[in-house]
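Understanding the architecture of this molecule
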Amino acid sequence: MKVTPQAIPDVLLIEPARFGDARGFFSEVWKRSALAAQGLDVTFVQDNHSLSREVGVLRGLHFQRAPAAQGKLVRVVRGRVLDVAVDIREGSPTYGRHVAVELSAENWRQLWVPRGFAHGFLTLEPDCEVLYKVDAEYSREHDGGILWNDPALGIDWPLPPGGPVLSDKDRAAPKLADVAPVFPKGAV
């Protein structure tokens, strides 16, 4: 597996090898020992799977507050998305900055979104299926979000002409400046 730190070094692009022949392919998409050897030693406790029917479905930007913060390993098994991770760790030199990576069934890449980051994605094709492993179980009590189009974040979403398809929750999320410190210094 190839692991590449992104513009925010804690966010990692993971590219598993894929071995194919006339029958199809085989790939080890997660191998704890291989990734631990490269500095990512994580125990996952839950797998999540989402299906988004339309182009332009935007899910996010979501996070869970400490002590239920989640690290996520995100991959696409059908379709193509723009996957975004926003640093919301107070005191971080990259606070409020983001990483945006295209993930697709074709490019087979995965994104590691560590604890202390808000996460979201925009579908670029219809019928996108996204799988992600998390290292903490979902907690409604600790669930939070940031407005997807907060100008302070400067995310260049490639939106379709009609704009994004949003949940009521995502449409009503606050701007980052209006969110109480989510991950105070040393909380993650």
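An unreviewed UniProt entry annotates the protein chain as dTDP-4-dehydrorhamnose 3,5-epimerase of Falsiroseomonas selenitidurans. What UniProt records for the protein chain under Sequence similarities (unreviewed entry) is the sentence "Belongs to the dTDP-4-dehydrorhamnose 3,5-epimerase family."

Once that is clear, we can look at the nonpolar core. By size, the foremost hydrophobic cluster in this structure holds 22 residues, and its most contacted members are Leu 61, Val 86, Ile 88, Ile 146 and Trp 157. Every element with two or more residues in this core is listed here: β6 (58–64), β8 (80–87) and β11 (117–123). Setting aside anything within four residues of it in sequence, one finds Val 86 in contact with Leu 61, Gly 96, Arg 97, His 98, Gly 116, Phe 117, Ala 118, Leu 153 and Ile 155. In this structure, Val 11, Val 74, Val 99 and Val 101 belong to the second largest nonpolar core, which totals 18 residues.

With that settled, consider unusual backbone geometry. Following Gly 60, the chain continues into Leu 61 via a peptide bond in cis, with omega recorded as 10°. Structurally, Leu 61 can be placed in strand β6. The residue Trp 108 is not glycine, and still its phi comes out positive at about 60°. Tracing the backbone through its elements, the reader meets Trp 108 in the loop between β9 (98–104) and β10 (110–113). Using a relative accessible area of 13% as the deciding quantity, one classes Trp 108 as buried. Here Asp 127, not a glycine, exhibits a phi torsion of approximately 55°, which is positive. Structurally, Asp 127 is set in the loop between β11 and β12 (128–134). By relative accessible area, Asp 127 is classed as partly exposed at 26%.

Rules used in this analysis
- Residues numbered from 1 in each chain as written.
- Predicted model: local features only at pLDDT ≥ 70, side-chain atom pairs only at ≥ 80, totals over all residues.
- Heavy atoms only, no water.
- UniProt positions renumbered as here; feature names shortened; annotations may be inferred.
- Core = buried A, V, L, I, M, F, W, Y, C linked by side-chain atoms within 4.5 Å.
- Buried < 20%, exposed > 50% of the residue type's maximum accessible area, 1.4 Å probe, protein only.
- Helix = DSSP H or I, 4+ residues; strand = E, 2+ residues; numbered from the N terminus.
- Contact = heavy atoms within 4.5 Å.

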